Amino acid sequence: MTLPNSLTEEICAYFGIDPLRFNAPEASIQTVADAASMFYSRFPTGSGHREVGAPLLVHRRCNDPMFSVSNEIAYSNLMVQAKAPSQHNETLGPSAWVDVVGKAGPDKWCADEATTLIAMLRQLKASGTQPDLYVVTPFVIVQDNLRREIVNSGILDGWVHKPREWVREHVGTVHTVQGREAKIVFFVLGAQMSSQNGARAWAGSRPNLVNVAVTRAKESLYVIGNRQLWKSAGVFAVLDRHLPQGPQC
């Protein structure tokens, strides 16, 4: 169950523990286990080093470009690809960055990104593709609005059982989908105002968020957002380098 940050931060304060070490999304079961390990590897990152306990360097989940992005930002290109290549989604094409330059709001929400996402979902539904997918975003406000817009669009009717339950399970912030996987992942960015540099910098400041988002996708990844604004936000520069341009919206 996902708990609000205000609550977990108060719990950390009450027990006198460091939220950066023990509080999600900065921390996870993996990072706590890494910190307790007698043996670890140290990987350079853009902001220092990342220590990983007894790292598993043979990768079996993702196609490229997801594997290459993760390998570069989180593993210093030391991972070995063990997954046999599988086809990208035939309806939407290869993994891509769908550049949406939309009307921005002060709360990081961009309705034009939701419109683009729903149009892509309609294509999948019309082609008979099963909804083996996740929609992830860095921000809670974007998650909440995406859930509402997807349900209200009716796109899930006749495609999934119990649409409201489906969006709660399949549409969320990045840290809510840790440990899960699907054939297709849509990464909806938000934060389209030029003044929201701080939000974008936070999302790209460390590899964790982008690494989790891209490695949920086994076959295809579609990033939806303003490429010009996001490509300079820390590790999003790696996404920009590996993902071709999708249809501009």
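Within each chain, residues carry numbers counting from 1 in the order of the written sequence. With the structure being a predicted model, the display of local features is reserved for residues of pLDDT at least 70 and the display and counting of side-chain atom pairs for 80 or more, all residues being used for whole-chain, interface and lining totals. Excluded from the side-chain calculation are hydrogens and water; included are all heavy atoms of the structure.

Our next topic: the overall build of the chain. Secondary structure is summarised from DSSP: a helix means a run of H or I of at least four residues, a strand means a run of E of at least two, and numbering begins at the N terminus for each. Helices and strands together make up the secondary structure of the chain, namely 11 helices and 9 strands. Note on method: radius of gyration uses C-alpha positions; expected globular size equals 2.2 Å times residues raised to 0.38. Taking 18 Å as the expected radius of gyration for a compact globule of 249 residues, we find that the chain reaches 18 Å, a close match to that expectation. In terms of its C-alpha atoms, the chain occupies a principal-axis envelope of roughly 50 × 45 × 35 Å. Relative to its 249 residues, the chain shows a buried fraction of 45%. By sequence separation, contacts in the chain at least 24 residues apart represent 73% of the contacts at least 6 residues apart. For the chain, the distance from the average site of its 24 positive side-chain charges to the average site of its 22 negative ones is 2 Å. Each residue is assigned to one of three classes by its accessible area relative to the maximum for its type, calculated with a 1.4 Å probe on protein chains only: buried under 20%, partly exposed between the two thresholds, exposed over 50%. Whether two residues are in contact is decided by their heavy atoms, any of which lying within 4.5 Å being enough. Charge convention: Lys and Arg are scored as positive, Asp and Glu as negative, and His as well as the terminal groups of each chain are ignored. We put the charge of a Lys on NZ, of an Arg on CZ, of an Asp on CG and of a Glu on CD.

Centres within 6.5 Å are what make two rings of Phe, Tyr or Trp a pair, Trp counting through its six-membered ring; a difference in plane orientation under 30 degrees is then read as stacked, over 60 as edge-to-face, and the rest as tilted. Considering all chains together, one arrives at 6 aromatic pairs under this definition. Taken together, the ring pairs connect Phe139, Phe187, Trp202, Trp230 and Phe236 into an aromatic cluster. Look at NZ for Lys and CZ for Arg. If either is within 6 Å of the ring centre and within 35 degrees of the ring normal, a charge sits over the ring. Looking at Lys108, its charged tip hangs above the ring of Phe139, at a distance of 5.5 Å from the centre.

Let us look at unusual backbone geometry. Put simply, Asp64 and Pro65 share a cis peptide bond, and its omega is 10 degrees. By the secondary structure assignment, Pro65 is in the loop between strand S3 (58-59) and helix H4 (66-74). Even without a glycine there, the phi angle at Lys162 is positive, about 60 degrees. Here Lys162 shows up in the loop between helix H6 (140-153) and helix H7 (163-170). One non-glycine residue, Ala191, adopts positive backbone phi at about 50 degrees. By secondary structure assignment, the location of Ala191 is in the loop between strand S8 (182-188) and helix H8 (197-204). Among the residues examined, Ala191 registers a relative accessible area of 0% and is labelled buried.

Okay, the sheet that holds strand S7 (residues 171-173) next. Whether two strands pair comes down to DSSP finding at least two bridges between them. Read from one edge to the other, the open sheet built from 5 strands follows the order S5-S9-S8-S6-S7, with strand pairing classed as parallel. The sheet terminates laterally at strand S5 (96-99) and S7, the two strands that pair on one side only. With direction set aside, neighbouring strand axes in the sheet form an average angle of 25 degrees. In terms of strand pairing, strand S6 (residues 133-137) meets S8 through 4 bridges, oriented parallel. Bridge assignment links Tyr134 to a residue of S8, and that residue is Val185. In this analysis an axis means a line fitted to C-alpha atoms, helices contributing only their contacting stretch, and an angle means the value between N-to-C directions, from 0 to 180 degrees. Where H6 meets the sheet, its contacts fall on S6, S7 and S8, and the angle it forms with S7 comes to roughly 175 degrees. Packed onto the sheet, H7 meets S6 and S7 and runs at close to 30 degrees relative to S7.

This is a description of form; function is not addressed.
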